[in-house]
Amino acid sequence: MFTLSDLPMFLINFFLILPIVTLVHEAGHVLTARLFGGKIKFCIGTGETLFHIGALEVKKKYFMEGWCQYEKLTYNKTWAHVAIYLAGSLFNLSVILIINLLINLDVLPAALFFYQYSYFSVYFIFFSLMPYRNDAGKPSDGLAVFDVIRYGKAEDPID
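Residues numbered from 1 in each chain as written. Predicted model: local features only at pLDDT ≥ 70, side-chain atom pairs only at ≥ 80, totals over all residues. Heavy atoms only, no water.

With respect to helix α4 (residues 141–151)
Argument step 1. Considered for burial, the residues of α4 that qualify are Asp141, Gly142, Leu143, Ala144, Val145, Asp147 and Val148.
Argument step 2. Lining the buried residues of α4 we find α1 (7–35), α2 (78–104) and α3 (112–129).
Argument step 3. Immediately downstream of α4, the backbone of Gly152 shows phi near 70 degrees, a positive value. (Buried < 20%, exposed > 50% of the residue type's maximum accessible area, 1.4 Å probe, protein only. Helix = DSSP H or I, 4+ residues; strand = E, 2+ residues; numbered from the N terminus. Contact = heavy atoms within 4.5 Å.)

What follows is the structure, encoded as structure tokens:
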């Protein structure tokens, strides 16, 4: 049952952990797209822009969502697009595995923060890879992979 004593952890999850999970996910797309020579723009949040740091745009509602847009890949092959679309989830999974390794090696404590981070990362991976279109008609990463393999097309932005 959710009680008032759960409110601090809820706020930490909502305003800190979930945006970090989103940032890690988008970083996977960004770094992989750059690896293939792409020009990148990515965003954390929605609403009015708070600030820019290089290609990153942070919006007022930074805890809501994220996206990455790339163009002009040097290696414009189907497998490169598939790798870019899958990279967000692979980065989330990699960080989960690194956290677990560091906890098992007693480098990090087995704290609720890391449990929650891993939980939200798994949530992110699941919904990212589930093939669907959002209300704006944009594909999830899973549907984008399917579209690229089946139809040979890539859509932007990616989540």
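Quick notes on the confidence of the model for the protein
Close reading of the predicted structure is inappropriate where its pLDDT is low.
Argument step 1. Residue-level pLDDT values for the protein average 92, and 96% of them are 70 or greater.
Argument step 2. Across the protein, α2 holds the top mean pLDDT of 97, while strand β2 (residues 56–71) sits lowest at 89. (pLDDT = per-residue confidence, 0-100.)

Regarding the nonpolar core
Argument step 1. Within the largest apolar cluster, 18 residues are counted, with the highest numbers of intra-cluster contacts made by Ile40, Phe42, Tyr70, Leu73, Ile84 and Tyr85.
Argument step 2. For this core, the elements supplying multiple residues, two or more each, are α1, β1 (39–53), β2, α2 and α4.
Argument step 3. Excluding anything up to four places from it in sequence, Ile40 contacts Val30, Ala33, Arg34, Ala55, Cys68, Gln69 and Tyr70.
Argument step 4. Leu18, Tyr117, Phe120 and Phe124 belong to the second-largest nonpolar core, a separate cluster that totals eleven residues. (Core = buried A, V, L, I, M, F, W, Y, C linked by side-chain atoms within 4.5 Å.)

Remarks on the pattern of salt bridges
Argument step 1. Applying the stated criterion across every chain, the model contains three salt bridges.
Argument step 2. Among the salt bridges present, the one from Glu57 reaches Lys41, with a minimum N-O distance of 3.9 Å. On the criterion of sequence distance, the pair formed by Glu57 in strand β2 and Lys41 in strand β1 is long-range, its members being 16 residues apart.
Argument step 3. With a relative accessible area of 7%, Glu57 lands in the buried category.
Argument step 4. Among the residues examined, Lys41 registers a relative accessible area of 40% and is labelled partly exposed.
Argument step 5. Arg133 is the partner of Asp147 in a salt bridge, and the nearest nitrogen-oxygen pair spans 3.2 Å. On the criterion of sequence distance, the pair formed by Asp147 in helix α4 and Arg133 in the loop between α3 and α4 is long-range, its members being 14 residues apart.
Argument step 6. Each of Lys41, Glu57 and Lys59 takes part in one network of salt bridges that share partners. (Salt bridge = Lys/Arg side-chain N within 4 Å of Asp/Glu carboxyl O.)

Some points on the state of the cysteines
Argument step 1. Taken as a whole and judged by the stated rule, the model has zero disulfides.
Argument step 2. Here Cys68 is not cross-linked by a disulfide; its sulfur's nearest cysteine counterpart is in Cys43, at 11 Å.
Argument step 3. Assessed through its relative accessible area of 0%, Cys68 is described here as buried. (Disulfide = S-S within 2.5 Å.)

As for the packing of α1 against α3
Relative orientation and spacing of two packed helices are given, respectively, by the angle between their axes and the distance between those axes.
Argument step 1. At a minimum axis distance of 9 Å, the contact between α1 and α3 shows a crossing angle of 55 degrees. When the axis of α1 is compared with that of α3, the two are oblique. Of the two elements, α1 crosses α3, and the hand of that crossing is right-handed. Note on element contacts: α3 touches α1 through Leu112, Phe113, Gln116, Tyr117, Phe120, Ser121, Phe124 and Ser128, opposite Met9, Ile12, Asn13, Leu16, Ile17, Leu18, Ile20, Val21, Thr22, Val24 and His25.
Argument step 2. Of the residues in the contact of α1 with α3, the class split is 13 nonpolar, six polar and no charged. (Axes fitted to C-alpha atoms, helices over the stretch in contact; angles between N-to-C directions. Parallel < 35°, antiparallel > 145°, perpendicular 65-115°, else oblique. Left-handed = near helix turned anticlockwise from the far one by under 90°. Nonpolar A, V, L, I, M, F, W, Y, C, P; charged D, E, K, R; others polar.)

A closer look at α2
Argument step 1. Helix length check: α2 (27 residues) gives 38 Å between terminal C-alpha atoms against 39 Å at 1.5 Å per residue, within 8%.
Argument step 2. The sharpest bend along α2 reaches about 40 degrees and sits at Ala87.
Argument step 3. Along α2, the residues that are buried comprise Ala80, His81, Val82, Ile84, Tyr85, Ala87, Gly88, Ser89, Asn92, Ile96, Ile99 and Ile103.
Argument step 4. Where α2 is buried, its residues meet α1, β2, α3 and α4. (Expected span 1.5 Å × (residues − 1). Bend = angle between axes of the 7 residues up to and from the residue.)

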